[in-house]
Amino acid sequence: MEIEEIREYCLSKKAVTEGFPFDNETLVFKIGGKIFLFLPLESTQPTFSVKTDPVWSEELREKYFQIAGAFHLNKTHWNSVLCEGLKKELILKLIDHSYDLVFNSLTKKSREEILNT
């Protein structure tokens, strides 16, 4: 998948916002004000970082060399994903999983507001 495809997919999800809170090179996607995906735009190869369940993270890292603990983030909960060589279905599943983890961590009120927009 290419960077623009990842961006479009993230923005297609309900109540997602995008911005550059840290620098002009790392696009950040949020749900309910919480980050679920980092997308570095200056990468030579499409790469992103997503939140992942710790148990699944271990499995993914063992199975795919393209998936590793995310640089500058809590490696227990965040993975860096190099898209090259991964199936699109897995990439989308990782994005969905991160979105769902962050959405489910929001307060009940925030979740209800998002669902009702």
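Residues numbered from 1 in each chain as written. Predicted model: local features only at pLDDT ≥ 70, side-chain atom pairs only at ≥ 80, totals over all residues. Heavy atoms only, no water.

Chemist: Looking at this structure, I do not really get the pattern of salt bridges. What am I missing?
Modeler: When the charged atoms of two side chains lie near each other, side chains of opposite charge can form a pair. Tallying each qualifying case throughout the model produces four salt bridges. Between Glu4 and Arg7 there is a salt bridge, with its nearest N and O atoms 3.1 Å apart. Of this pair, Glu4 and Arg7 both sit in helix α1 (residues 3-12), three residues apart, which is roughly one turn of the helix. Where Lys13 meets Asp96, a salt bridge forms, and the shortest distance between an N and an O atom there is 2.9 Å. Here the residue Lys13 occupies a position in the loop between α1 and β1 (16-19), and Asp96 occupies one in helix α3 (residues 88-105), the gap between them amounting to 83 residues. (Salt bridge = Lys/Arg side-chain N within 4 Å of Asp/Glu carboxyl O. Helix = DSSP H or I, 4+ residues; strand = E, 2+ residues; numbered from the N terminus.)

Chemist: Explanation requested: the nonpolar core in the structure shown.
Modeler: Burial of nonpolar side chains together is a common tendency in soluble globular proteins. Ile6, Phe36, Leu37 and Phe48 are the most contacted members of the largest nonpolar core, which has 29 residues in total. Taken together, the elements giving at least two residues each to this core come down to α1, β2 (26-31), β3 (34-40), β4 (47-51), α2 (54-63) and α3. Looking at this core, the element that brings in the most residues is α3, giving eight residues. Each residue touching Leu37, except ones within four places of it in the same chain, is listed here: Ile6, Cys10, Leu27, Val28, Phe29, Phe48, Ser49, Val50, Trp78 and Ile95. (Core = buried A, V, L, I, M, F, W, Y, C linked by side-chain atoms within 4.5 Å. Buried < 20%, exposed > 50% of the residue type's maximum accessible area, 1.4 Å probe, protein only. Contact = heavy atoms within 4.5 Å.)

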